[in-house]
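Remarks on the overall topology
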Amino acid sequence: MKFMKCTAFLLGLSSFAAASRLVRRQDYPRNESILIDPPEQPSLPTKGNVSESLPADDIQGDILIGMKKKLELFWFFRIEDPNIFKQALHNDIWPIITTTTQLLSISTQPLTAVNLAFSQPGLQALNINDPLNDADFESGHFANAANDFHDQYNEWVDAFLGQYIHGVFLLASDDQALIDQMLNDLLNVLQGSVTEIYRLQGSVRPGSQVGHEHFGFMDGISQPFVTGFGSAVPGQITVPPGEILLGESGDPVGRPSWAKDGSFLVFRQLKQFVPEFNKFTTDNPIIMNGMTIQEGREFMGARMMGRWKSGAPLSLSPVQDDLVLAQDSQSNNNFDFTEQDAFNRCPFSSHIRKTNPRIDVGNGPFNRIMRAGIPYGPEVTATESKTNTSSTKPELERGLAFVAYQSVIAEGFKFIEQRWVNEPNFAVSNIGLDPIIGTNGGGPNFVQDLEPFSQATTYTIQKDFVLSRGGEYFFSPSISALRDVISV
């Protein structure tokens, strides 16, 4: 008995020491931001420009920040001992969960940002059984992904098959060593109460490609403006907080009171076939107004995306790139597809029009999500470029760690994918699927309007350029919910 008491005491000391290190590590001042801030993307507000009605000190930091992390680790786990996990969460972990307010200034940013979200089975494992009233979250991503999104389960990472994942830690920094150390500290305080199921490491692309996804296009330009979170830039669609946050104004569903200011996190690992995409644009240039063949290839890519790789939109710069426009966040999103000759400027099938159709849906609803993903995997190798074929080596897989936040999955991510991206008759009959992320379950799909001034040419995409490797639905609670409900 004395031995057992002594062992428990030593374990307690060990946990306390780890927790102390964990908190102290976050207190060191930063000299450089944890986030990127490319001029093409809307800048984050200052703390003083956030409405007091929006509790930024209680909202987890990843939800409203968007696609701005430099490095991010997604660490998926299963809870083996709920009691020890709850104890660690209550005593050690919730105090270092990063708030939205902290991320708005370098002076308050931690060395490593820490966020935490749970699947439905994860909440149940912690004896949290209040219904959050979201059927998709409750059933989990695996249950309906094949029917909902034409996913091919044989292409999924094994970890996402079934409902084995209980939660995910999101760890972000500008130094991989800091992320690794934070994970080690978390594991120490968790004392074996969790098992790692899977991990995925994300990173911004190097050099001039910071902020660009692997096909080469600047990303994160057309995020929605959440009322109260700073000021909108021209062209930004304004949504009430409740479109992203549960229990806030605009949330159409009744929730338990403790769920307020949380958000549903959709995670998808999306593999990108970059050499194959490049070959398609190489083989199918669209040449106008004396363009060179190379310019025609870039034009084809821009027609598929709806923007040039710089981020300049076709609606404002229809036949040539405009770097000045691209880097002006006050202008590069200021369009709604009502521009003169809008059909020929930006195809109905283009990715940005399929996922954010603006005037094509009239006065709405606009079904907005807050995207917070990050690229993963290495740059294309010389061999892949030469052969126009993506490597089958696991270590050379590349893509997007897709993250989207919303208050109702069926009206956010799921709606966009089903009703717009993979709907060939939106917003014009037989226009085709989204040529970037659209999928026909692995079979060929078609696009009808890529060439300006003509729908006579049908382009057939034989193989999807983006392949789902699986994912899960999570709930990212408020920090007060972690402290007062989930951990007790």
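If you're wondering where the values come from, they're calculated on a predicted model, not measured in any experiment.

The rules behind the values
Residues numbered from 1 in each chain as written. Predicted model: local features only at pLDDT ≥ 70, side-chain atom pairs only at ≥ 80, totals over all residues. Heavy atoms only, no water. Buried < 20%, exposed > 50% of the residue type's maximum accessible area, 1.4 Å probe, protein only. Helix = DSSP H or I, 4+ residues; strand = E, 2+ residues; numbered from the N terminus. Pairing = 2+ DSSP bridges. 1 Å grid on protein atoms, 1.4 Å probe; cavity = no way out; pocket = protein on both sides within 12 Å on 5 of 7 lines; lining within 4 Å. Points joined across faces, edges and corners; volume = space filled by probe spheres on them. Nonpolar A, V, L, I, M, F, W, Y, C, P; charged D, E, K, R; others polar. Polar contact = N/O pair within 3.5 Å; in protein donor to acceptor, adjacent residues only side chain to side chain. Contact = heavy atoms within 4.5 Å.

**Considering the pairing of strand S7 (residues 263-272)**
Taken residue by residue, a regular strand's side chains alternate between the two faces of the sheet. The buried count for S7 comes to 10 of 10 residues, which makes it a mostly enclosed element. Where burial is concerned, the two faces of S7 agree: the one with Ser263, Leu265, Phe267, Gln269 and Lys271 and the one with Phe264, Val266, Arg268, Leu270 and Gln272 are both buried. As paired elements, S7 and strand S13 (residues 466-476) share 9 bridges and run antiparallel to each other. Residue pairing in the sheet places serine 263 in a bridge with serine 476 of S13. Relative to strand S10 (residues 399-406), S7 runs antiparallel, the two sharing 8 bridges. Among the inter-strand pairings, phenylalanine 264 is bridged to a residue of S10, identified as glutamine 406.

**Let's talk about the environment of histidine 351**
By secondary structure assignment, the location of histidine 351 is in helix H13 (residues 351-355). A residue is classified by how much of its surface remains accessible, and histidine 351, at 17% relative accessible area, is buried. Separated by 70 residues in the primary sequence, histidine 351 and valine 421 have C-alpha atoms spaced 7.7 Å apart.

**Details of empty space enclosed by the protein**
Applying the stated rule across the entire model yields 4 cavities of 30 Å³ or more. Counted as a void, the largest cavity has a volume near 770 Å³. Sorting the residues of the lining of the largest cavity by element identifies S7, H13, S10, helix H15 (413-421) and S13 as the ones contributing at least two each. Per-class residue counts for the lining of the largest cavity are 20 nonpolar, 12 polar and 9 charged. Roughly 110 Å³ of internal volume is contained in the second largest cavity. Around the second largest cavity, the lining is made up of 16 residues, and of these Met67, Gly211, His212, Gly373 and Pro375 lie nearest the centre.

**A short note on the side chain of aspartate 148**
Here aspartate 148 shows up in helix H7 (residues 141-149). In terms of polar contacts, aspartate 148 uses its side chain to reach the side chain of glutamine 418, at 3.3 Å. Dropping the residues within four chain positions of it, aspartate 148 is found in contact with Asp136, Lys414 and Gln418.

**Brief notes about H15**
By the criterion of burial, H15 is predominantly enclosed, with 7 of the 9 residues buried. Taken together, the buried positions of H15 are occupied by Phe413, Lys414, Phe415, Ile416, Glu417, Trp420 and Val421. Where the residues of H15 are buried, they touch helix H6 (135-139), H7, S7, H13, S10 and S13.

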